[in-house]
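# Remarks on the overall topology
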Amino acid sequence: MTLALEANQLGKKYGKRWALQNCDLHIPEGGVTGLVGLNGAGKTTLLHLGVGLLAPSTGSIRVLGETPAPNATALIARIGFVAQERPLYHSFSVKDTLTLGRKLNTTWDNDLAERTLARLDISLKTTVGKLSGGQRALLALVMALAKHPRLLLLDEPFANVDPLARRELVRLFMDAVASNGASVVISSHHIADLENICDRLVLLSRGQVKVEEDLETFVTSHKLLIGPHDDFERIASEVSVIQAGHTGRQSNVFARLSGPFSDPRWVVQDLSLEDIVLAYLDTQSPLPMPNNHSQQEVAR
Ligand SMILES: Nc1ncnc2c1ncn2[C@@H]1O[C@H](COP(=O)(O)OP(=O)(O)OP(=O)(O)O)[C@@H](O)[C@H]1O
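In this text the structure is predicted, and so the values were computed from the model without any measurement.

The next point concerns the sheet that holds strand β7 (residues 183-187). Spatially, β5-β6-β7-β3-β8-β9 is the arrangement adopted by the six strands of the open sheet, whose pairing is mixed. This sheet does not close on itself; its edge strands, each paired only once, are β5 (79-82) and β9 (208-214). Across the sheet, the mean angle from the axis of one strand to that of its neighbour is 15°, orientation sign disregarded. As judged from the four bridges shared by strand β3 (residues 32-36) and strand β8 (residues 200-205), these two strands associate in the parallel manner. Note that in β8 the partner of Thr33 across the bridge is Arg200. This element, helix α1 (residues 43-50), spans β3, β5, β6 (151-155), β7 and β8 of the sheet and lies at about 150° to β6. Its contacts with the sheet put helix α10 (residues 273-281) on β3, β8 and β9, and the angle it makes with β8 is roughly 25°.

Have a look at this one:
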């Protein structure tokens, strides 16, 4: 089976400092993978390795079955990459930008680009520098989509984008997934948005892959357990504890369950993806609040 992105013991060092280390990834084709992690976790570095802008220091990376490199033109033609800075020529008109896209890409679909921009109310005559930040984000995504890529690598596409433009961005790349089975890897700090659009999650922490999993399995296997403090040790031996907070008599246990859980002394509550990811990223952070308990009740 060809994978959209595969990494084996992948590492990248800038000078003496490791930005990524010992990363193993197996992202299948045809879905949307969310890439999350705190600032500096290595998300951009991973995407740049994926598109061949960087070379690995150790290990290997393969994208759509090939090794990325700056001169791997056949592979680059199959990847749509939207960089965090959305590098566009500000002095160009939108039309000139499309012309450049057409000249650089043999698979360029100008009809698709023009139709999409018209729907987004972005005039071809406008100078790129005069577009708003959100409009530039949309233009950058349209440029990536007009190549009809097999794989879209999107680095923080939602940064500085208003909620309406964000919805539009999501619709655009979900269309690409639905219509031609493209794969998408999207790095974002908007975890709540990712919960709605991704079917897979990669969580990076300090340059290492902490989680790579089907998103639904990841979310449904984590629960908040609320029960008596004097029963905590027993429960902690039965489930995998991610975080725990205690008051005098109550324990709030953020746990990963391996199967159905039912215990008359413990209340089980669902967690959002954001709650779970934040707990993994910062085990010092307070537990997510159960709906009807105040912050003070879970003071450690
Ligand atoms: N060109 C560079 N030279 C030196 N160090 C770098 C360079 N680019 C990134 N780094 C370092 O590598 C680490 C990972 O950075 P990276 O940009 O990949 O993180 P990120 O997860 O994308 O962060 P953010 O969410 O802030 O965009 C950081 O410690 C960063 O300081």
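So, about the domain arrangement of the protein. You can read the domains of the protein as domain 1 (3-216) and domain 2 (221-298). For domain 1 and domain 2, the distance between their C-alpha centres works out to 35 Å. Across the contact, 15 residues belong to domain 1 and seven residues belong to domain 2. When the buried area of domain 1 at its contact with domain 2 is split by residue, Ile191, Glu195 and Leu203 rank highest and sum to 42% of it. Taken together, the connections running from domain 1 to domain 2 amount to one salt bridge. The shortest N-O distance in the salt bridge between Glu213 and Arg256 comes to 2.5 Å. Viewed at the interface, domain 2 and domain 1 are joined by three residue pairs in polar contact (both at pLDDT 80 or more). At the level of secondary structure, the elements contributing two or more residues to the side of domain 1 that touches domain 2 comprise α7 (191-197), β8 and β9.

Moving on: the layout of surface pockets. Approximately 770 Å³ is the volume attributed to the largest pocket. Top element by residues in the lining of the largest pocket is helix α3 (residues 94-104). It accounts for four residues. Tallied by class, residues from the lining of the largest pocket come to 18 nonpolar, six polar and two charged. As a volume, the second largest pocket reaches approximately 230 Å³.

Right, let's get into the sheet that holds strand β4 (residues 58-63). Pairing in this open sheet of three strands is antiparallel, and the strands run β2-β1-β4 from one edge to the other. Sheet topology places β2 (17-28) and β4 at the edges, where each strand pairs with a single neighbour. For this sheet, the mean angle separating the axes of adjacent strands, direction not counted, is 20°. The pairing of strand β1 (residues 3-14) with β2 spans eight bridges and is antiparallel.

Along the polypeptide, Leu20 turns up in strand β2. Sequence spacing of Leu20 and Ala118 is 98 residues, and the spatial spacing of their C-alpha atoms is 40 Å. In contact with Leu20, not counting residues within four places along its chain, are Leu10, Gly11, Lys12, Ala41, Gly42, Thr45, Leu46, Leu49, Leu204 and Gly207.

Our focus in this paragraph is the environment of Leu46. Inspection of the secondary structure assignment puts Leu46 in helix α1. According to the relative accessible area criterion, Leu46 is buried, its value standing at 4%.

By the element assignment, Ser188 lies in the loop between β7 and α7. Among the polar contacts listed, one links the side chain of Ser188 to the backbone nitrogen of His190, at a separation of 2.8 Å. Here Ser188 is in contact with Leu35, Val36, Glu156, Phe158 and Leu194, once residues within four sequence places are set aside.

Rules used in this analysis
In this convention, every chain numbers its residues from 1, walking through the sequence in written order. For a predicted model such as this one, the threshold for reporting local features is a pLDDT of at least 70, and the threshold for listing and counting side-chain atom pairs is 80 or more; totals across whole chains, interfaces and linings nevertheless cover every residue. Side-chain measures were taken over the full set of non-hydrogen atoms in the model, leaving aside hydrogen atoms and water. Should DSSP find at least two bridges between two strands, the strands are taken to pair. Numbering goes from the N terminus for both helices and strands, where a helix is a DSSP run of H or I of at least four residues and a strand is a run of E of at least two. Where helices are involved, their axes are fitted lines through C-alpha atoms of the stretch in contact, as for all axes, and angles between N-to-C directions lie from 0 to 180°. Only heavy atoms matter for contacts: two residues are in contact if any of them lie within 4.5 Å across the pair. Those domain boundaries reflect an automatic or database domain assignment. What gets called buried area is simply the loss in accessible area from a 1.4 Å probe that two parts show on being joined, summed for both. Think of a salt bridge as a Lys or Arg side-chain nitrogen and an Asp or Glu carboxyl oxygen that are within 4 Å of each other. By the criterion applied in these results, polar contacts are pairs of N or O atoms within 3.5 Å in which, for protein atoms, one can donate a hydrogen and the other can accept it, and in which residues neighboring in sequence qualify only through two side-chain atoms. Both cavities and pockets are sets of points on a 1 Å grid over the protein atoms alone; in a cavity a 1.4 Å probe fits but cannot get out, in a pocket the set is open with protein on both sides within 12 Å along at least five of seven lines, and lining residues sit with an atom within 4 Å of a point. Grid points are joined across faces, edges and corners, and a volume is the space filled by probe spheres set on the points. We call Asp, Glu, Lys and Arg charged. Ala, Val, Leu, Ile, Met, Phe, Trp, Tyr, Cys and Pro are nonpolar, and the rest, Gly among them, are polar. Working definition: with a 1.4 Å probe on protein chains only, accessible area under 20% of the residue-type maximum means buried, over 50% means exposed, and in between means partly exposed.

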